[in-house]
Amino acid sequence: MFSFSAYAQKSRAELEREKKENLRKIEEASRILEETKKQKKTSVGQLNAIAKKIQSSEKQIKIISEEINLLDSEVGNIEVNITTLQKDLENLKKEYAAMVFAAEKANNSYDKLTFIFAAKTFSQLVMRLKYMTQYAEERKKQAAHIRLISSQLGQKKHEIIHKLSLIHISEPTRQAE
């Protein structure tokens, strides 16, 4: 019986050793499992952060696209304004040229005096003087109006150049994203 109990004690010692080894393996597996859980939480957090960044970038691209479309629309409107102002300027120049031509035709002081003194009555003479004064004033107004339209045309051209530069600045930003 002695040999059986020695064998049983040896088996028991081996079992104890195996039991301790298994407990150590279980603890190590638990520790690895905890680390894996932490890494999983970190990975999920990173994945969420990346998804939010992608979402924000897509929204930024959409906003930039809308801004470019708005600028394109504004440029189109400004181009229409420029065309209108150029036509107005051409018409004003033609009208002014006709006025200058008519004024040059009657520019001779003798012709002016003849026109004024050819009046049959004093009231007609006064009316002719008023006409000459009004005509001169109208010429001055027309010249001022031409200068104003030319100035506005220059401003619109500057505005369109500015808008186009904004579009060109926005496009590389959009392409980089």
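Peer 1: Which parts of the structure should I look at to understand the overall build of the chain?
Peer 2: Within the chain, the regular secondary structure consists of 3 helices and 0 strands. Traced from its N-terminal end to its C-terminal end, the chain shows the element sequence α-α-α. Burial analysis of the chain (177 residues in total) assigns 14% to the buried set. Counted over contacts in the chain with a minimum sequence separation of 6, partners at least 24 positions apart contribute 82%. Only carbon and sulfur atoms are counted for the fraction: they give 58% of the accessible area of the chain, which is about 14500 Å².

Peer 1: Quick question: what am I supposed to make of the nonpolar core here?
Peer 2: Proteins that are soluble and globular tend to have nonpolar side chains buried together. Core analysis: the largest hydrophobic core is formed by 14 residues, its most contacted members being I82, L89, I149, L153, I160 and I167. Mapped by element, the contributors of at least two residues to this core are α1 (2-105) and α3 (122-176). It is α1 that contributes the most residues to this core, 9 residues altogether.

Peer 1: Looking at this structure, I do not really get the pattern of salt bridges. What am I missing?
Peer 2: When the charged atoms of two side chains with opposite charge come close together, those side chains can pair. Tallying each qualifying case throughout the model produces 4 salt bridges. Measuring nitrogen to oxygen at the nearest pair gives 3.3 Å for the salt bridge that ties R24 to E28. Of this pair, R24 and E28 are both found in helix α1, 4 residues apart, which corresponds to roughly one turn of the helix. On the basis of relative accessibility, which here comes to 42%, the residue R24 falls in the partly exposed class. A salt bridge links E137 to K140; the shortest N-O distance between them is 3.9 Å. Pair noted here: E137 and K140 are both in helix α3, with a separation of 3 residues, about one helical turn. When its relative accessible area of 54% is taken as the criterion, K140 is described as exposed. Connected via shared salt-bridge partners are E21, R24 and E28.

Rules of the game
- Residues numbered from 1 in each chain as written.
- Predicted model: local features only at pLDDT ≥ 70, side-chain atom pairs only at ≥ 80, totals over all residues.
- Heavy atoms only, no water.
- Helix = DSSP H or I, 4+ residues; strand = E, 2+ residues; numbered from the N terminus.
- Buried < 20%, exposed > 50% of the residue type's maximum accessible area, 1.4 Å probe, protein only.
- Contact = heavy atoms within 4.5 Å.
- Areas by Shrake-Rupley, 256 points an atom, 1.4 Å probe, with all protein chains shown as cover.
- Core = buried A, V, L, I, M, F, W, Y, C linked by side-chain atoms within 4.5 Å.
- Salt bridge = Lys/Arg side-chain N within 4 Å of Asp/Glu carboxyl O.

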